[in-house]
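Survey of secondary and tertiary structure
Each chain, written out:
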Amino acid sequence: MKYKSVNFFLILPFLMIVTYIIFNNPINLYDLVNQKEMSNFSIVWPKIRILLEPIYSFIFYALTLNRNFYKPVIISWILWTVSIAILYSLLNKQALLKWLHNIFYSLMLLFTLFSFVALVPIPGPRLEKPKNYVTIDIHSHTLVSHDNVAPDYISLKAHIWQGYDVFFNTEHNHSDGFANFPNKLKYKIVYPGMQMQTKDKISVLMLSSKEFNGNDYKNLSLEELIRKAHSNGMIVIMPHWWKWHIKTFSELKDLGIDGFEIYNCGYRNFDINERDQLIKFCIKNNLPMFGVTDWHGWGYMSDVWTVFEGDLSVNIEEQLAKKIKTNVILYRQEQSDSTLRFVFEPFCAFYYYVKNVQLKYFVSFIIWILVIFYVVFNKFFKYIKKYLPLFMTLLYSFTIVYFYIIVKNISTNNIVIKSVIPMLITFCLLWFVLWRLDDTNKSQKHKI
């Protein structure tokens, strides 16, 4: 086994370097509206990335997937993880019981990584832009929305990390979240808004230059809501139209819609042809277009920024009301949705990574992979394997306490209470079981 590990150390870096040389061709920032490169804009990654590259690369990959990719991607990763655990057991000529233990352990590592992707606040790429441009996010939520997992101060931090100058707080069906932000930042960084569902079963974004009571806009038809919002000086934007396909673009314009989302980080699966039609429609009718985070606290990395030439000293909502020209800047490439891609998903993920990564981060990636495999093939790996479940049990315990603290005063039936905390408790118990199983097996061997 030692000889094999030495050979592996020699072959693996060579194969990775060859892959980099063949496939590396980084994408450039481009405007989704006119499909032109934005050479005067750039991406800056946090310095900490180079120290955490394997985790960083996986998080960005996972957080920029299309939502309709989630199921096949997760299934593929599970199958490959189980296959590797079985192969490891075969090479080490282990008994069946040990096979099951290895599979259980490997799946727990994978699921822990998935939870890490969703919940840990690691900053992503930041947009650098010319001084005369404003970067805006018109669609974001906080913990007081039923499906958000992060409070207002984390929303602030996430938007600042990503290079946004301003953003609108648009809670689901109420306007309560805006009051939680610091007064000194209101109308400077954060603006009031709301995502309201109408009687037509379609949601719209309402953006305002002043605080308002969201209850005044409940139980209205789309036409009634738009008319009332306009009478109160608001603008109304259509979010992720492709999620519903309710009403045509022309019908929505005739009802008074002031603009459209053409990219949404929560719902990236917008058919290219339909998106092109919407972009052409907006250009023809002088309607602003937006790319949004639709931020719900699940991860802290975005790949889209909406910018316009503007002035931060002037009320942002008032500037938007003038139907300004926007650029929707993407740091993204279209990805295949073929069955073959999902069958070999881990390898496809590595391909997309290698294609875009800068050399310094790729070197860090190789070093980390070699360190990980050195640890795995080293004799002290057994101690790491033994005590990692205990460490993870404690880590999940602290995480449960953290989420309990941030939601204990939330009146809404938030997803943290319904799903996140139960999931964390489950992971905590499973890691504890894994630790006790390992400890019990060691004790039995010692008695024998």
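Structural data are supplied above this passage.
Residues numbered from 1 in each chain as written. Predicted model: local features only at pLDDT ≥ 70, side-chain atom pairs only at ≥ 80, totals over all residues. Heavy atoms only, no water.

Examining unusual backbone geometry
One non-glycine residue with positive phi stands out, namely Asn173, at about 65°. Turning to its location among the elements, Asn173 is positioned in the loop between strand S6 (166–172) and strand S7 (190–197). The residue Lys201 is not glycine, and still its phi comes out positive at about 65°. In this structure Lys201 comes out as exposed when scored by relative accessible area, which is 56%. (Helix = DSSP H or I, 4+ residues; strand = E, 2+ residues; numbered from the N terminus. Buried < 20%, exposed > 50% of the residue type's maximum accessible area, 1.4 Å probe, protein only.)

Points about empty space enclosed by the protein
With a probe scaled to a water molecule rolled over the atoms, the places where space remains empty come into view. The final tally for this structure, using the stated rule, is 1 cavity of 30 Å³ or more. For the largest cavity, the lining is made up of 19 residues, of which Phe60, Tyr61, Tyr352, Tyr353 and Asn356 are closest to its centre. Contributing elements (two or more residues each) for the lining of the largest cavity: helix H2 (53–63) and helix H11 (345–356). (1 Å grid on protein atoms, 1.4 Å probe; cavity = no way out; pocket = protein on both sides within 12 Å on 5 of 7 lines; lining within 4 Å. Points joined across faces, edges and corners; volume = space filled by probe spheres on them.)

Examining the nonpolar core
Residues Tyr217 and Phe260 are the most contacted members of the largest nonpolar core, which totals 78 residues. Among the elements that line this core, the one with the most residues is H2, at 7 residues. Discounting chain neighbours no more than four positions away, the residues touching Tyr217 are Met194, Met196, Met206, Phe212, Leu225, Lys228, Ala229, Asn232 and Met234. Counting 23 residues, the second-largest nonpolar core is a separate cluster that includes Ile400, Phe403, Trp431 and Leu434. (Core = buried A, V, L, I, M, F, W, Y, C linked by side-chain atoms within 4.5 Å. Contact = heavy atoms within 4.5 Å.)

Concerning the pattern of salt bridges
This model, assessed by the stated rule, comprises 9 salt bridges. In this structure, the salt-bridge partner of Asp165 is Lys129, at a minimum N-O distance of 3.0 Å. Taken together, the residues Asp165 in the loop between helix H5 (152–161) and S6 and Lys129 in the loop between strand S4 (126–128) and strand S5 (133–137) connect sequence positions 36 residues apart. Several salt bridges share partner residues, and in doing so they unite Arg268, Asp303 and Arg332 into one network. (Salt bridge = Lys/Arg side-chain N within 4 Å of Asp/Glu carboxyl O.)

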